[in-house]
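Chains, contacts and geometry: an overview
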Amino acid sequence: MQRTAPRLTRILACAAVPVMLVVAGCSSDSGDSGSGATGSKDKAASSASATPSPSQTTKTVEPAKFGKLPEACKAIAAKTTSSLVPRAKTKNGTPAVSSDLGSRSGCSWNGLDDKGVKGSQYRWLDVSFYRYESDAALGSGQERAQENLAKELAKIEETAGAKKLRTATVTGIGDEAKSVAYQLRKTNEDFVYGSIVARTGNVLVLLSYNGAGYAGADTPSDKTIMSGAVKAAKEAVAAVAAANR
């Protein structure tokens, strides 16, 4: 009986306190005061596990600037192509084969201008467009275009048999551009090449212009070929912006 009184007193005291305190300190006669602390730790651990770690957070990338490509065979003005490639076999250009015109397209012109006893002048003009989407795993469209500009430039610089190869930075064409001038011996003639690799936003523009003199005609000068390549490249890059207005 003497031991019952203190126990009864304890039960009555616990009944008078709020429910949350009862759960913490009065629900057991065992005197285990650690159950409340364990619950707090469990809640903290659960909260921590619910918070995404840096590796789980989705990476955000800059949106691609351009969503369309121009029609390749119309990207360079007809007046320009007629000037650069007189007597073109196909006046309006020959479109490149593509399974996805929204991501890659191209067009080319070539022709032989016969000048009789003065020989003939051969010209070839080619333009290609590549558009890159932004991707969380691969980077923004702009970054991907930059990476591929470097790769395409390296390919041109590694052209087998190229002589007098010179690479330079070109201003006034897109966000960045490089030119590569070189000479190449083909079909027993000396060809002169002018290539432009340019980037505008997330679009890469590759342009090549070359020519040779046949049957005794003079070989075109480096200046003539490169100035033609630069002019055509500027129009091609401008066509990208026009297609996205």
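Preceding block: the structure.
Just so you know, these numbers come straight off a predicted model, no measurement behind them.

A separate point is helix α6 (residues 222-243). Given a rise of 1.5 Å per residue, 22 residues ought to cover 32 Å, and the 32 Å separating the end C-alpha atoms of α6 matches this to within 8%. Along α6, the residues classified as buried are I225, M226, G228, A229, V230, A232, A233, E235, A236, V237, A239 and V240. Lining the buried residues of α6 we find α4 (78-84), β3 (120-131), β5 (176-186), β6 (189-200) and β7 (203-214).

On to helix α5 (residues 141-157), then. Along its 17 residues, α5 runs 24 Å from first to last C-alpha, staying within 8% of the 24 Å computed at 1.5 Å per residue. Of the surrounding secondary structure, the elements contacted by the buried residues of α5 are β4 (163-169), β5, β6 and β7.

So, on to the layout of surface pockets. Its volume calculated, the largest pocket comes out at about 160 Å³. D126, S128, K155, I156, T159, Y182, S195, I196, V197, L206, L207 and S208 together form the lining of the largest pocket. Listed by contribution, the elements that provide at least two residues to the lining of the largest pocket are β3, α5, β6 and β7. Its residues placed into classes, the lining of the largest pocket shows six nonpolar, four polar and two charged.

The strand order across the open sheet formed by seven strands is β1-β2-β3-β7-β6-β5-β4, and the pairing between neighbours is antiparallel. Each edge of the sheet is formed by a strand with only one pairing partner; in this case those strands are β1 (94-95) and β4. Pairing geometry for strand β2 (residues 104-114) and β3, over 11 bridges, is antiparallel. If you follow R104 over to β3, its bridge partner there is Y130. Helix-sheet contacts for α5 involve β4, β5, β6 and β7, and the interaxial angle to β6 is about 170 degrees.

Moving on, we get to the pairing of β4. As defined by bridge partners, β4 adjoins β5 across five bridges and the pair is classed as antiparallel. Considered in β5, the bridge of R166 is made with A181.

Positioned with a positive phi, R87 is a non-glycine residue whose angle comes to about 60 degrees. For R87, the position within the fold is in the loop between α4 and β1. Here R87 falls in the exposed class, since its relative accessible area comes to 65%.

What follows deals with the nonpolar core. Counting 34 residues, the largest nonpolar core has L125, V127, F129, I173, I196 and L207 as its most contacted members. At 10 residues, α6 tops the list of elements feeding residues into this core. Every residue in contact with L207, bar those within four places of it in the chain, is listed here: I76, L125, D126, V127, G194, S195, I196, A229, A232 and A233. By size, the runner-up hydrophobic cluster in this structure holds 15 residues, among which are Y132, L184, Y193 and L206.

Calculation notes
- Residues numbered from 1 in each chain as written.
- Predicted model: local features only at pLDDT ≥ 70, side-chain atom pairs only at ≥ 80, totals over all residues.
- Heavy atoms only, no water.
- Helix = DSSP H or I, 4+ residues; strand = E, 2+ residues; numbered from the N terminus.
- Expected span 1.5 Å × (residues − 1).
- Buried < 20%, exposed > 50% of the residue type's maximum accessible area, 1.4 Å probe, protein only.
- Contact = heavy atoms within 4.5 Å.
- 1 Å grid on protein atoms, 1.4 Å probe; cavity = no way out; pocket = protein on both sides within 12 Å on 5 of 7 lines; lining within 4 Å.
- Points joined across faces, edges and corners; volume = space filled by probe spheres on them.
- Nonpolar A, V, L, I, M, F, W, Y, C, P; charged D, E, K, R; others polar.
- Pairing = 2+ DSSP bridges.
- Axes fitted to C-alpha atoms, helices over the stretch in contact; angles between N-to-C directions.
- Core = buried A, V, L, I, M, F, W, Y, C linked by side-chain atoms within 4.5 Å.

On their own, these measurements won't tell you what the molecule is for.
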